[in-house]
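# Descriptive analysis of the structure
Okay, here's what each chain looks like letter by letter:
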Amino acid sequence: MKHVGIVGGGISGLFSAYYLHKAGCEVTVIERGTFEDGCSFGNAGMIVPSHIVPLAQPGMISKGLRWMLSASSPFYVKPRLNLGLLKWGYLFWKHSTEAHVQRAVPILRDISLLSKQLFQEMAMQGELDFGWQEKGLFMLFKEAEARHELTQEAALANRAGIETHLLSEAEVQALEPELRVTVEGALYYPGDAHINPAKLIQELLTYLRRQGVTILSGQAVRDFGVSHGKIESVVTDGGSYAFDEVVVALGAWSPVMTEKLGITLPLQGGKGYSFTQRKVPQNVTVPAIMLEARATATPMSADLRFAGTLEVVGTDLSVNMNRVRGIVQSINRYYPDLPVAAPAPEEVWRGLRPCSPDGLPYLGRVEGFKNLTLATGHGMMGISLGAGTGKLISELLTGTPTSMDVTPFNPRRFG
């Protein structure tokens, strides 16, 4: 029986543990925090096979530069003299092409559909209760000129086999019975779903502990013992551990850890914020992305979670209330009757999405090491791709044919 050590207890790490345990492995998860402060815990909870276009795409750099001029805009790059950021920025620019989008679309589609199928299976089996709802997703838009952009997006999605419909305001309102919606229209993805991410993390932890998986919290990994291309030990501030296989799933902190192994991993933390309105009397029915605001609204039982912004900040976890206010101020443009209170700073959750420069995760064995695998770089799709990532990691480590080709996710694709 293989003993697998997973460094990182976010969604990728926990789902890797889940599927590795099911495949008959002995598993230990090492988490530096408490499992409640990671990127997955407070996010928008959307399972979105619709998201098949990578962040690196034509026009994104010029759009990002315009957004950077506004203190409340949805996108920001924190200026700093940092070689890692410069390399990441160069690679992002290099991949912001139509050719890259065409290459990436079927890859992101396949891992997204794999992950959704696995979520559906878990929900049907009833082993985990994480608030699975298949209500689809609205891409709401206010400006008439957005219709042309979304018409193209709809055509691309339909060509890729992802069902989508361009709706009028009246058609949107018909699917949103409790709240008035004021929009020009929406792109509707009926195949999308949503969950409660905090509940998912808690359910996974409970299940894994019950199954005998070792969960080590509050232990930061300090170093690795390496001999002849094999990781012989994982050294934490709570002790040293030996594993047959090691999976690094540390999200935005993965480059800090791989640097200890002589691996430069182009990856930047993209900070996002969320806050939750409790016991909303008239709630959103269909989760939505408010296009111009780049903010989201996700119903979670009686609550409603708002999320948004992407600040490329490395590992800076400070709260920029200007960005949060930008989310708050945008909501009533779409839902005019929804009472939205600006949260206090201590009520704002923030997390770092691990963003690769080409918009594809780092998922696979690392060349030059006999027993090292990475599972990171999912950007804003960590929860959505979590189940698929865990399944693929378990297949790679047990020698099972993988559910899809993982070559495009090669951790060493940038050298």
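The paragraphs below set out a description of the structure included in this document. All values derive from a computational prediction rather than experimental measurement.

For the rest of this paragraph, the subject is the pairing of strand 2 (residues 26-31). Most of strand 2 sits inside the fold, with five of its six residues counted as buried. Strand direction decides the pairing type here: strand 1 (residues 3-7) and strand 2, joined by five bridges, are parallel. Bridge pairing links I6 to V29 in strand 2. For strand 2 and strand 9 (residues 214-217), the ladder comprises four bridges, and the chain directions are parallel. Each bridged residue has a counterpart across the sheet, and for V29 the counterpart in strand 9 is I215.

Let us now look at the packing of helix 1 (residues 11-22) against helix 10 (residues 386-398). Here helix 1 crosses helix 10 at 50°, and the two axes come no closer than 7 Å. In terms of axis orientation, helix 1 runs oblique to helix 10. In terms of crossing hand, the pair formed by helix 1 and helix 10 is right-handed. Residues I11, S12, F15, S16, Y19 and L20 of helix 1 touch helix 10, and the partners they reach there are G386, A387, T389, G390, K391, I393, S394 and L397. By residue class, the composition of the contact of helix 1 with helix 10 is seven nonpolar, six polar and one charged.

A word on the pattern of salt bridges. Pairing is possible between side chains of opposite charge, provided their charged atoms come close. On inspection of all chains with the given rule, the structure shows 13 salt bridges. Among the ionic pairs, K199 bridges to D129, the shortest N-O distance being 3.2 Å. Here K199 is found in helix 7 (residues 197-210), whereas its partner D129 is found in the loop between helix 4 (98-125) and strand 5 (137-141), with 70 residues between them in sequence. The network of salt bridges with common partners includes K2, E245 and R365.

Considering the arrangement of structural elements, one finds S356 in the loop between strand 18 (349-355) and strand 19 (362-365). Residue S356 is classed as buried on the basis of its relative accessible area of 6%. Of the polar contacts made by the side chain of S356, one reaches the side chain of D358; its length is 3.1 Å. Within the local environment of S356, its side chain forms a polar contact with the backbone oxygen of L360, the two atoms lying 2.6 Å apart. Setting aside its immediate chain neighbours within four residues, S356 contacts W88, P266, Y362, G377 and R413.

Thresholds, definitions, all that
- Residues numbered from 1 in each chain as written.
- Predicted model: local features only at pLDDT ≥ 70, side-chain atom pairs only at ≥ 80, totals over all residues.
- Heavy atoms only, no water.
- Buried < 20%, exposed > 50% of the residue type's maximum accessible area, 1.4 Å probe, protein only.
- Helix = DSSP H or I, 4+ residues; strand = E, 2+ residues; numbered from the N terminus.
- Pairing = 2+ DSSP bridges.
- Axes fitted to C-alpha atoms, helices over the stretch in contact; angles between N-to-C directions.
- Parallel < 35°, antiparallel > 145°, perpendicular 65-115°, else oblique.
- Left-handed = near helix turned anticlockwise from the far one by under 90°.
- Contact = heavy atoms within 4.5 Å.
- Nonpolar A, V, L, I, M, F, W, Y, C, P; charged D, E, K, R; others polar.
- Salt bridge = Lys/Arg side-chain N within 4 Å of Asp/Glu carboxyl O.
- Polar contact = N/O pair within 3.5 Å; in protein donor to acceptor, adjacent residues only side chain to side chain.

Everything listed here is a matter of coordinates, which is why it stays silent on function.
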